[in-house]
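The chain contents come next:
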Amino acid sequence: MVEIELDGQKVEVPPGSMVMHAAEKAGTYIPHFCYHKKLSIAANCRMCLVDVEKAPKPMPACATPVTMGMIVRTKSDKAIKAQKSVMEFLLINHPLDCPICDQGGECQLQDLAVGYGGGASRYAEEKRVVFHKNVGPLISMEEMSRCIHCTRCVRFGQEIAGAMELGMSHRGEHSEIETFVGQTVDSELSGNMIDICPVGALTSKPFRYHARTWELSRRKSVSPHDSTGANLIVQVKNHQVMRVVPLENEAVNECWIADRDRFSYEALNGEDRLTQPMIKQGGEWQSVDWLTALEYVANGLKQVKSEHGAGAIGVLASPHSTVEELALAGALVRGLGSENIDSRLRHADFGNAAITGAARWLGTDIASLSTLQRVLVVGANLRKDHPLFAQRIRQAARKGAEVSALVAAQPEWALPLAHTVLADSSVWVSALAGIAAAVAAEAGVQPPVAGSVTDEARAVARSLLSGEHKAILLGNAAAHHEKASSLLSLANWIGAQTGATVGYLTEAANTVGAQLVRAVPGQGGLNASQMLGGGLKAAVLLNTEPAADSAAGEAGLKSADLVVTLSPFKTNLDISDVLLPMAPFTETSGSFVNAEGRLQSFQAVVRPLAETRPGWKVLRVLGNLLGLAGFDADSSQAVLAAALPGVTAGAFVDAARLSNADAGVGPAAADQSPAGAAPCVASIYQLDALVRRAPSLQLTSDARAARAAAQGVQA
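Residues numbered from 1 in each chain as written. Predicted model: local features only at pLDDT ≥ 70, side-chain atom pairs only at ≥ 80, totals over all residues. Heavy atoms only, no water.

1. Topic: the pattern of salt bridges
One pass over the structure, following the stated rule, counts 33 salt bridges. One salt bridge connects Arg146 with Asp97, and the closest N-O pair in it is separated by 2.9 Å. In this pair, Arg146 is assigned in the loop between strand 7 (139–141) and helix 4 (152–161) and Asp97 in the loop between helix 2 (77–92) and helix 3 (108–116), connecting sequence segments 49 residues apart. The burial state of Arg146 is the same as that of Asp97; both residues are buried. Two residues, Asp272 and Arg693, come together in a salt bridge whose shortest N-O distance is 2.5 Å. (Salt bridge = Lys/Arg side-chain N within 4 Å of Asp/Glu carboxyl O. Helix = DSSP H or I, 4+ residues; strand = E, 2+ residues; numbered from the N terminus. Buried < 20%, exposed > 50% of the residue type's maximum accessible area, 1.4 Å probe, protein only.)

2. Concerning the sheet that holds strand 20 (residues 419–422)
The strand order across the open sheet formed by 5 strands is 20-19-18-21-22, and the pairing between neighbours is parallel. The open sheet terminates on both sides in strands that have one partner only, identified here as strand 20 and strand 22 (501–504). For this sheet the average axis-to-axis angle between neighbouring strands, irrespective of direction, equals 15°. Pairing between strand 19 (residues 402–407) and strand 20: 4 bridges, direction parallel. Each bridged residue has a counterpart across the sheet, and for Ser404 the counterpart in strand 20 is His419. Packed onto the sheet, helix 12 (residues 455–465) meets strand 18 (374–378), strand 19, strand 20 and strand 21 (470–474) and runs at close to 135° relative to strand 20. (Pairing = 2+ DSSP bridges. Axes fitted to C-alpha atoms, helices over the stretch in contact; angles between N-to-C directions. Contact = heavy atoms within 4.5 Å.)

3. Looking at the sheet that holds strand 7
Taken in spatial order, the 3 strands line up as 6-7-10 in an open sheet, and their pairing is antiparallel. With one partner strand each, in any of the chains shown, strand 6 (133–134) and strand 10 (203–204) form the two edges of the open sheet. Relative to strand 7, strand 6 runs antiparallel, the two being bridged by 2 bridges. Following the sheet pairing, Asn134 is matched in strand 7 by Ser140.

4. Some thoughts on the UniProt feature "domain: 4Fe-4S Mo/W bis-MGD-type" (unreviewed entry) in the protein
In this numbering, the UniProt entry assigns the feature "domain: 4Fe-4S Mo/W bis-MGD-type" (unreviewed entry) to residues 216–272. Between the end C-alpha atoms of residues 216–272 the distance is 25 Å, and the span holds 9% helix and 35% strand. (UniProt positions renumbered as here; feature names shortened; annotations may be inferred.)

5. Some words on the pairing of strand 15 (residues 284–287)
Bridge count for strand 14 (residues 278–281) against strand 15 is 4 bridges, and the pairing is antiparallel. Note on strand 15: the bridge partner recorded for Gln281 is Glu284. The hairpin formed by strand 14 and strand 15 contains 2 residues between the paired strands, and Gly282 there has a positive phi angle of roughly 60°.

6. Quick word on the packing of aromatic side chains
Counted by the stated rule, this structure contains 2 aromatic pairs. When the ring of Phe592 is compared with that of Phe602, the centres are 5.1 Å apart and the planes differ by 35°; the resulting orientation is tilted. Taken together, the residues Phe592 in strand 26 (residues 590–593) and Phe602 in strand 27 (residues 599–602) connect sequence positions 10 residues apart. Per residue, the accessibility class of Phe592 equals that of Phe602, and both read buried. Directly above the aromatic system of Phe207 lies the positively charged group of Arg243, at a separation of 4.5 Å from the ring centroid. (Phe/Tyr/Trp six-rings, centres within 6.5 Å; stacked < 30°, edge-to-face > 60°. Lys NZ or Arg CZ within 6 Å of the ring centre and 35° of its normal.)

7. What about the nonpolar core?
With 76 residues, the main nonpolar core has Phe33, Ile139, Phe156, Leu166 and Leu202 as its most contacted residues. Of all the elements in the fold, those that place two or more residues in this core are helix 2, helix 3, strand 7, helix 4, helix 5 (192–196), strand 12 (231–237), strand 13 (240–246) and helix 20 (689–692). Excluding its chain neighbours within four sequence positions, the residues that come into contact with Ile139 are Val185, Ser190, Met193, Ile194, Leu202, Thr203 and Lys205. (Core = buried A, V, L, I, M, F, W, Y, C linked by side-chain atoms within 4.5 Å.)

8. Observations regarding helix 14 (residues 484–498)
A rise of 1.5 Å per residue sets the reference length of helix 14, with its 15 residues, at 21 Å; its end C-alpha atoms lie 21 Å apart and thus fit the reference within 8%. Burial within helix 14 is extensive, with 12 of its 15 residues counted as buried. Those residues of helix 14 that fall on the buried side of the exposure criterion are Ala484, Ser485, Ser486, Leu487, Leu488, Ser489, Leu490, Ala491, Trp493, Ile494, Gly495 and Thr498. Among the structural elements, helix 11 (428–443), helix 12, strand 21, helix 13 (476–479) and strand 22 are those in contact with the buried residues of helix 14. Directly beyond the C-terminal end of helix 14, a positive phi value near 80° is found at Gly499. (Expected span 1.5 Å × (residues − 1).)

As structure tokens, then:
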């Protein structure tokens, strides 16, 4: 450790630290703009100038390494005068438009100008004007005259998002931050540039001019989209969600969120919201009260049970639903005597399941992804399926990690790939068997199954056999693959030989939680494919849209006598008989279990819209009307305590309940025959009902490309 004196206080920091790091450890604030703890050091704003004893001039705290015995003064006349001089330069060309700036009230420049700015400007010439730029539907660059050239956005693109979409052109006061020849900013993490911009140059286009920051209430929540479980701050005005920003949690999402976490809130305020219960009568939808709708459903379920038996009743549930909703849905269908419940709508190999009450999971903790030295990703579009996991692996790659991929097309993950095995999804098992055979040859052991060893397979094997911290990560396409069991068994064998952990990236916010509370069929129950294929006479659709959420589609449900949809949106209109307005994540309390097995609970941030009710309450009352036992919980916390006893919010579930062990298919029995169909995988902005209805997200290049691809397939 290196000891320095900072404002008369002794501080010890590791060698190589900067004065800024010492100040942070000591709790001393040094004004700054360009410095950010997650970005490289640029030292171009000069706001952090401090007085270092024996230095001929003030030194930038962010770029001055500590030395033993160094004496630093951050509040001396010399330091304050330097900081005020820098502030005067920064304000020379800055427009005086704070009253109409979206950043007003939460602006770093505004705050520091109060402490370090002059009472009047000595600059009498015309201020510079920078022409506005259109960089897409999410980020507004309408007021780039406010830019102070801190380059945080440029460095974020290079280092965190992995793509340098913004850069600085020209020199001096003619410098501008812009895209290359008018291109748009298309990163799936682009909204974070809004957060890190210290002025009002980059603002949120969907939020622009909707509210002032001091009018907003701030409440904690958890993202309902991918399996990261990103922590959020939801900002509310007049019982309406106005903006979503990240809540820092170093172990989960650090200080970043994906664009779908940030902008999907638009769907909450859209015209597609279902605001009251509806029943289809004579082919026409009629609004009814809750009691009428629930009694209609209860009587319909009783009738189907008496005429066709309990086995004709089933629940298709979204893994984006909460633990509480899924637990009660399972209790409802099992209380009626059926084991037909499934949340794996996109799966093809339903035999690939953990033992009852256990769950497939990441195989390691999320934070460890940043420190991996060797990674093999199988069947994933890592960057789009799991933006924040990709960001962590990107950081590992920047530190020298070797990332390998087994995929169907050349990956565009915005990170350097050491080795790539390209193979059509139909022959992924054979390709992974080749890697296993290469590992066996390199390690001098018997291969688990015959496999063709290619040069790339040998390179992947050698990579996995080197290094210390290693992981084999199975993506959404591998989980939904027709031969998912064979892929897992081979991955487990390779992991055992190389010392790598093996895990699933997992698709949705509550994929792990759904398995833990048994939102999967029990003994003799029908799986999602069988239910969607016409195996039901009464179906309850919990927060799901089979036409978009499954490979089978919704056609098989048209023959059912009763289809009940619980959703925040007017959906499944062609197949449903009853629509029950269920609260989205912002209007209900609940919990998600993320990919690493961490339980995270949240509260409602706004009151339910109109007649909307929390899903767990709807299911509880429905259970009461059916006369089922165990439906007496008076809070979501009580439901959670019964569903996952002993697990508290923020804690991990019992490790014994997290398992990626082979599901009865050993590596020797891996089926290498070609798969009959490609895995069903949702694109980044078609993952769930919320993102599908967020207008700004649907205007992005990713959404347009997905629509074009879907139309091409249909054509």
